[in-house]
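Secondary and tertiary structure notes
These are the residues of each chain, in order.
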Amino acid sequence: MTPLNARVAAALPAMRRFSRSTTMILLCAVVVGYLALGIASSGAFFEGASVRTFLQYLATPVLIGLAQMVALCVGQLNLAVGALGGFTACLMGVLMADSGVPAGAAVPIGVAVATLTGLVTGVFIVATRINGFIVTLGTMTILLGGQYRLSGTRTVDGYSATLRDLGRAAPLDIPLVFVTALIAAGLLGAFTYRTVAGRRLLAAGGNPLAARLSGISGDRQIVIAHTLSGLLVGIAAVTATASLPGVNRSVGGDWLLPSFAAPIIGGVALTGGSVAILGTVLAAFLMRLIDSARAEFSLDPSWVNFLIGLVVLGTVVGGRFHQTRIEKKGTGPGAATATAAAALPSTGGSR
């Protein structure tokens, strides 16, 4: 057998697995949905302006989906995704419009505040041993109050023209904000799949006991996950601020459901221990298609939310049945995660 034939033979099992994966199903759904929407709009959806607008407003759903995915991979929930994004967007808007802070300083400040908020949230969860659901629920309430305090009932729209230009910039009809989201997804994928720190994150989420016995600090991974989640929300706030005509107290109010829907539909387990970068991006793309179809055919928004919620619930139930069947066969993800955790270098302690 020639080296080329050997490589092809080795790649065939992986190709067969991919053809049956959630990612492949989502990819087919996205392609079919995009073509169908383009045909239904008599080709208008394929025009440059429509493509540019579609991708411009896809950047934020991708980023908030990734932010939620990072929390889910260690078995945590982040209910503060929308509130943190809205607070960060209003903070940057107020700094630029009211205080005259240039975009080059306001944007890093906003991203740093979001990242620090994620860090503090993770540390608080670890220090108090309070469930992350409760902690992020409290954080969400505090941030909503802070967002209202910053913007009140007005819309802040007098901020940097440079940031607005960034939001509108689209060489070859590919918006820079969407490119930013893809870069963030690529870097997150490299971190989780290619670094020891990323593999420890997945090991701690998939099998905390095995990870702890291998010297991996579960507490540290929770803090890292929430910090990364805050960073991604901060970047999402930048893309939203750059794309929107203004920011107010409603920004981020509709982010919570999409933030959960994208990773869950994309194949991320609620029990932790897994990530699905491409699946999350494709699921966000699919939800954006549904939203575009709603606008194209003047559908009731409540039915769109109902449909997305139904898909999320069905995905969770189906995933649970699949996991139960695998565990009965004795080949559950816990065993694989335990093996991976054992292969990682010791960190010298369990905390």
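Quick caveat: nothing in here was measured; it's all calculated off a predicted structure.

Concerning empty space enclosed by the protein
Under the criterion given, the structure shown has one cavity of 30 Å³ or more. Lining the largest cavity, in full, are Asn78, Ala80, Leu84, Thr117, Gly118, Thr121, Thr139, Leu143, His226 and Gly230. Of all the secondary-structure elements, those providing two or more residues to the lining of the largest cavity are α6 (103–128), α7 (132–151) and α12 (218–243). The biggest single contributor to the lining of the largest cavity is α6, with three residues. Along the lines of polarity and charge, the residues of the lining of the largest cavity split into three nonpolar, seven polar and no charged.

Some points on the pattern of salt bridges
Pairs may arise between side chains of opposite charge once their charged atoms sit close together. In the structure shown here, the tally under the stated rule is six salt bridges. When the shortest N-O distance is used, the salt bridge between Arg168 and Asp165 registers 2.7 Å. On the criterion of helical spacing, the pair formed by Arg168 and Asp165 is a turn pair, its members being three residues apart in helix α8 (residues 161–168). We classify Arg168 as exposed; its relative accessible area is 53%. For Asp165, a relative accessible area of 42% gives the class partly exposed. Connected through shared salt-bridge partners, Arg288, Asp291 and Arg294 make up one network.

With respect to the packing of helix α4 (residues 59–72) against helix α9 (residues 176–194)
Here α4 crosses α9 at 20°, and the two axes come no closer than 8 Å. With respect to α9, the axis of α4 lies roughly parallel. Crossing angle aside, the handedness with which α4 passes α9 is left-handed. When α4 is examined against α9, the residues Ala59, Val62, Leu63, Leu66, Met69 and Val70 are found in contact with a partner set consisting of Val177, Phe178, Ala181, Ala184, Ala185 and Leu188. Counted by class, the contact of α4 with α9 contains twelve nonpolar, no polar and no charged residues.

Things to note about the layout of surface pockets
Of the voids in this model, the second largest pocket is the one considered here, and its volume is about 840 Å³. Forming the walls of the second largest pocket are 27 residues, and the residues nearest its centre are Pro61, Asp254, Trp255, Pro258 and Asp291. Mapped by element, the contributors of at least two residues to the lining of the second largest pocket are α4, α12, α13 (256–266), α14 (277–297) and α15 (301–328). For the lining of the second largest pocket, the leading source of residues is α14, giving seven residues. By residue class, the composition of the lining of the second largest pocket is 15 nonpolar, eight polar and four charged.

Digging into the environment of Gly266
Relative to the assigned elements, Gly266 resides in helix α13. Looking at Gly266, the relative accessible area reads 3%, which means it is buried. Along the sequence, Gly266 and Gly65 sit 201 residues apart, while their C-alpha atoms lie 9.5 Å from each other. Leave out the neighbours within four places in its chain, and Gly266 touches Thr22, Leu26, Ala261, Ala276, Gly279, Thr280 and Ala283.

What counts, and where the lines are drawn
- Residues numbered from 1 in each chain as written.
- Predicted model: local features only at pLDDT ≥ 70, side-chain atom pairs only at ≥ 80, totals over all residues.
- Heavy atoms only, no water.
- 1 Å grid on protein atoms, 1.4 Å probe; cavity = no way out; pocket = protein on both sides within 12 Å on 5 of 7 lines; lining within 4 Å.
- Points joined across faces, edges and corners; volume = space filled by probe spheres on them.
- Helix = DSSP H or I, 4+ residues; strand = E, 2+ residues; numbered from the N terminus.
- Nonpolar A, V, L, I, M, F, W, Y, C, P; charged D, E, K, R; others polar.
- Salt bridge = Lys/Arg side-chain N within 4 Å of Asp/Glu carboxyl O.
- Buried < 20%, exposed > 50% of the residue type's maximum accessible area, 1.4 Å probe, protein only.
- Axes fitted to C-alpha atoms, helices over the stretch in contact; angles between N-to-C directions.
- Parallel < 35°, antiparallel > 145°, perpendicular 65-115°, else oblique.
- Left-handed = near helix turned anticlockwise from the far one by under 90°.
- Contact = heavy atoms within 4.5 Å.

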